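Analysis of the macromolecular model
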Amino acid sequence: MTELGKIAVLCLIGIVLALLLQKNNPELAILLALSVCGGVLLFGLSRIKDVFAVLEQMAQAGGLSADLLEPLVKTVGIALITHTGAELCRDADQKAMASVVEAAGAFSAIVVSIPLLGMVWELLRGML
């Protein structure tokens, strides 16, 4: 079975169990959802080295510095974590907390992107 198939099966089992728990123990349903998300994240992180290797090869082939790719990869990671965290908050009927998670994620993405923005600024200044 492919990795995506395993993730889908894990999530489907988690959904069924969470729906069964939600009627009597909504707190346990949220904990189950957190556990499933954590399991899927760990499963996905086991392959992250392969992704980084391919990105580094592409950067070297294109003559790009790894310093340019690092903020991009971090920003994508922040976006994925932010989206998942906000959806978990919404599942727990905590809409205000979901908004805070999204705002913190946006701010974190900006902070991580500052070195990239600095490089772009220096490139533009060099062209003038």
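For the structure, see preceding data.
These remarks concern the structure in this document. Small disclaimer: the values here were computed from a predicted structure and weren't measured.

Thoughts on unusual backbone geometry
The backbone of Asp93 sits at a positive phi, close to 60°, despite the residue not being glycine. Turning to its location among the elements, Asp93 is positioned in the loop between α4 (66–91) and α5 (95–127). A relative accessible area of 64% places Asp93 in the exposed class.

Describing the layout of surface pockets
In this structure, the largest pocket encloses a volume near 1,100 Å³. Cys37, Gly38, Thr84, Gly85 and Leu88 are, among the 37 residues lining the largest pocket, the residues nearest its centre. Put simply, the parts of the chain that give the lining of the largest pocket at least two residues each are α1 (3–24), α2 (26–45), α3 (48–62) and α4. If one sorts the elements of the lining of the largest pocket by residue count, α2 sits on top with 14 residues. Considering only residue class, the lining of the largest pocket consists of 26 nonpolar, seven polar and four charged.

Things to note about the packing of α1 against α2
The contact between α1 and α2 brings their axes to 7 Å, and the two run at 170°. Classed by the angle they form, the pair α1 and α2 counts as roughly antiparallel. In this structure, α1 uses Glu3, Lys6, Ile7, Leu10, Cys11, Gly14, Leu17, Ala18, Leu21, Gln22 and Asn24 to contact α2, whose residues at the interface are Pro26, Leu28, Ala29, Leu32, Val36, Val40 and Phe43. Partitioned by chemical class, the residues of the contact of α1 with α2 number 13 nonpolar, three polar and two charged.

A look at the packing of α2 against α4
The N-to-C vectors of α2 and α4 enclose an angle of 165°; their axes lie 10 Å apart at closest approach. Classified by the interaxial angle, the pair formed by α2 and α4 is roughly antiparallel. Relative to α4, α2 is oriented so that their crossing is right-handed. Residues Ile30, Ala33, Leu34 and Cys37 of α2 lie in contact with α4, whose contacting residues are Thr84, Leu88 and Asp91. Of the residues assigned to the contact of α2 with α4, the class counts are five nonpolar, one polar and one charged.

Remarks on the nonpolar core
Among the nonpolar cores identified, the biggest contains five residues, and these are Ala18, Ala29, Leu32, Val36 and Val40. Top element by residues in this core is α2. It accounts for four residues. In this structure Leu32 touches Gly14, Leu17, Ala18 and Leu21, once residues within four positions along its chain are discounted.

Topic: a nonpolar patch on the surface
Judged by side-chain polarity, Leu41, Leu42, Leu45, Ile48, Val51 and Phe52 come together as a nonpolar surface patch covering roughly 530 Å² of accessible area. Only α2 and α3 provide two or more residues apiece to the nonpolar patch. Inspection of the secondary structure puts Leu41 in helix α2.

About the thresholds
- Residues numbered from 1 in each chain as written.
- Predicted model: local features only at pLDDT ≥ 70, side-chain atom pairs only at ≥ 80, totals over all residues.
- Heavy atoms only, no water.
- Helix = DSSP H or I, 4+ residues; strand = E, 2+ residues; numbered from the N terminus.
- Buried < 20%, exposed > 50% of the residue type's maximum accessible area, 1.4 Å probe, protein only.
- 1 Å grid on protein atoms, 1.4 Å probe; cavity = no way out; pocket = protein on both sides within 12 Å on 5 of 7 lines; lining within 4 Å.
- Points joined across faces, edges and corners; volume = space filled by probe spheres on them.
- Nonpolar A, V, L, I, M, F, W, Y, C, P; charged D, E, K, R; others polar.
- Axes fitted to C-alpha atoms, helices over the stretch in contact; angles between N-to-C directions.
- Parallel < 35°, antiparallel > 145°, perpendicular 65-115°, else oblique.
- Contact = heavy atoms within 4.5 Å.
- Left-handed = near helix turned anticlockwise from the far one by under 90°.
- Core = buried A, V, L, I, M, F, W, Y, C linked by side-chain atoms within 4.5 Å.
- Patch = residues over 30% accessible without salt bridge, like charges linked within 9 Å, V, L, I, M, F, W, Y side chains within 5 Å.
- Areas by Shrake-Rupley, 256 points an atom, 1.4 Å probe, with all protein chains shown as cover.
- Salt bridge = Lys/Arg side-chain N within 4 Å of Asp/Glu carboxyl O.

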